[in-house]
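Residues per chain are reported as follows:
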Amino acid sequence: MTRFGIHSTTQLEGVAGDAQEAAIARTHRIRHRTLGVAFTLVAVAYAARLGELQILESEAHRARQVAQSAEWELLPAVRGRILDRRGRVLAAPDTRYQVFLAVNELRVDRTEAIETVASVVPVAPERRSAIAEASGGWSLVASDVSDEERVRLQRTIGQGIYFESRSAREYPRSMGRRLIGAVGADGRGGTGLEADLDVWLVGQPGRAEVRLDGHRNAYRPPGGQVIEAVPGHDVVLTLDAELQRIAENELARALAKTGAMGGDIVLLDPRTGEVLALASERTDGAVDRISGLSDPYEPGSTLKPFLLASLLSEGVVDLDEIVDVEGGRLRIGARVITDVHGYDTLSVRRVISKSSNVGAAKLSTRLTPAVQHRYLRDFGFGMRTQLGYLAESPGRLSRPESWTSLSPASHAIGYEISATSLQLALAYGAIANGGVLMRPSLVREIRDPSGRVVQRFDPSPVRRVISEEVAAAVRGVLEEVVREGTGTLAGMARFAVAGKTGTARLAVGGRYAPGRYRASFVGFAPADDPRIVILTRLEDPKGGVYYGGAIAAPTSQAALQAALAADGVQVDPRLVVANARPRPWSGGPAADTPEGAVIFASTGTGAVGAASATNGADPSRRGLIALPDLAGLSARAAAARLHALGLRVEWRGQGRVAEQSPAPGSELGRGATVVLR
């Protein structure tokens, strides 16, 4: 500082520099503190938020993470079984697997792995090629692998083989497949009873909790939630598996023998309406249709007993009243109704037993169209049977207001009306059941997976159609021929079966085709106390023999005869009749009584005695059969061999055949009975 108190320039510059540095330092400190506070606040905020996330909101976020990575794996339910009335399995669950190879995980050579699989199940060539060229992932090797085969392959190949299960269906018995149907690829019922009973059979699927890793691969976490599947219910049918097999076999044999284009055999219990067997077959390849339910047809003369029931119920005829049948020819307007045989007069009962079209047409005039229609309707014609399952046709029965002057006569002889085989069998069941029409049933009961019955389907009457007295009178008319001895065309050696044959012209394109017919037989047994109804229908038989009495009645007889000899089938003892005498039908339109009531019953002398009385050197030329030696065969094999020869069987032993009567080499006529012990 000078005398006058003024600093030098140098001193002034030094003081200014120190102040600037101090200001800068202060500014830096402030900034550092501010940044430190800011970072601290941010860290505290992060820490607080992290604590909030990990402590306060941890469960919510854990649940969100699980929701994003968790899925549910479907656990298919085991489908219920379908059983026959005796508990025999007709359809059952059968788990099958698809086989995959993970080529990068295999510890054996992929070629060796393929050959190992091929040694158990077939492997298609294109799959072999695909696996040989695969660079990774899973490659499908085979399908339809059983559980036993899966275990074997897993044990042999080990690492690198994977299986994917799918629900399949096993049908241990081949019979009834049209009725039972099939299961679709989705495990649900596709056709037949499998589809109609699906709500009971399908069960309730379960599910298992799985997690997805970063590669979206699923795994089951420890302690993951599992909701077990609930198996489906078992369904017990009214069908008898053995009777169904017999019906199908006899129908197939009849179609092959007659060249018919299709047909049905129905067996049912008239007291309950339970369907014991329902065989339907067509030769045109229509495998998805049960013709006995879906294909109505004109029943022909098998409808005449219902005309008689109507007349008796209305009190307008007497069974012994004589009817002028015009020599078998009657003109109504432009139409001429004819009989196979030209009788002059017949009693009312013989109009039915001789199947006189003229007599039936004349008797129909005693009923008004409304009354005639009402009885047919009450017997179940023109409406579905209320079976409840499978596709049914109602048939055709037009209102009486639309009938023409020819309609009463047409309906009396089974034309201008169509019915399914089940409808017709049930209507005969009403006659057999004392006049009460029963609702048909195919399902007896539903059982839960533990075997407990959860629903039972009891017999259900539809209505009383006729009185017990009228029903007994109609049954008596159908038995008429046993007293006259003229109707044993297919003599039933052990059954007393009364019924009615029918032969109706076949309509094609709305017109009756020349030379084409439908043969049928409907009956019940025992004739005096019916316990079973049988219907046989053959559509458009070839070869010139087409009468119901010639081909449908013997087929019914063969089915019932086989049923009696079948293993495990309980037949009421009152069905058994000894020493029936079969009367062979000679064939052709000139044969005696080709139509009419038929009874298979005891008539005295057996067929064996009749056959042995025939003279001649060559048995085959005399229409005789040399009896084979059946020793050592099972009962079923022996019965099948004898049935194929046209002989009948009476089984009186157990196990295999040890003795037969007559002895091997004996000459028998067709229809004779062979006793096996």
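Structural data are supplied above this passage.
### Details of the overall build of the protein
- On a plain count of helices and strands, the protein comes out with 21 helices and 28 strands.
- A total of 677 residues make up the protein; the buried ones form 48% of that total.
- Across the protein, every contact between residues at least 6 apart in sequence was considered, and the portion connecting residues at least 24 apart equals 71%.
- Roughly 32,000 Å² of accessible area belongs to the protein as shown, and the carbon and sulfur atoms make up 51% of that amount.

### Some thoughts on the pattern of salt bridges
- Taken as a whole and assessed by the stated rule, the structure comprises 31 salt bridges.
- Ionic pairing is found between Asp 240 and Arg 86, a salt bridge with its closest N-O pair at 2.8 Å. Of this pair, Asp 240 sits in the loop between strand 9 (234-237) and helix 9 (241-258) while Arg 86 sits in the loop between strand 2 (82-83) and strand 3 (89-102), and the two are 154 residues apart along the sequence.
- Residue Arg 86 is classed as partly exposed on the basis of its relative accessible area of 39%.
- With a closest N to O distance of 3.9 Å, Glu 468 and Arg 464 form a salt bridge.
- Residue classification places Glu 468 among the exposed positions, given a relative accessible area of 51%.
- Under the relative-accessibility criterion, Arg 464 is labelled partly exposed at 45%.
- Here the salt bridges share partners, and the residues they tie into one network are Arg 79, Arg 188, Glu 194 and Asp 198.

### Some points on the packing of aromatic side chains
- The tally for this structure, following the rule as stated, stands at four aromatic pairs.
- A connected cluster of aromatic rings, assembled from ring pairs, spans Phe 306, Phe 379, Phe 381 and Tyr 428.
- Lying over the aromatic face of Tyr 171, Arg 177 brings its terminal NZ or CZ to 3.8 Å of the ring centre.
- In this structure, Arg 374 packs its charged tip against the face of Tyr 375, placed 4.8 Å from the ring centre.

### Observations regarding the environment of Arg 377
- Within the secondary structure, Arg 377 is located in helix 14 (residues 369-378).
- Look at Arg 377 and you get partly exposed, because its relative accessible area is 31%.
- Through-space distance from the C-alpha of Arg 377 to that of Leu 397 is 7.8 Å; in sequence the pair is 20 residues apart.

Rules used in this analysis
Residues numbered from 1 in each chain as written. Predicted model: local features only at pLDDT ≥ 70, side-chain atom pairs only at ≥ 80, totals over all residues. Heavy atoms only, no water. Helix = DSSP H or I, 4+ residues; strand = E, 2+ residues; numbered from the N terminus. Buried < 20%, exposed > 50% of the residue type's maximum accessible area, 1.4 Å probe, protein only. Contact = heavy atoms within 4.5 Å. Areas by Shrake-Rupley, 256 points an atom, 1.4 Å probe, with all protein chains shown as cover. Salt bridge = Lys/Arg side-chain N within 4 Å of Asp/Glu carboxyl O. Phe/Tyr/Trp six-rings, centres within 6.5 Å; stacked < 30°, edge-to-face > 60°. Lys NZ or Arg CZ within 6 Å of the ring centre and 35° of its normal.

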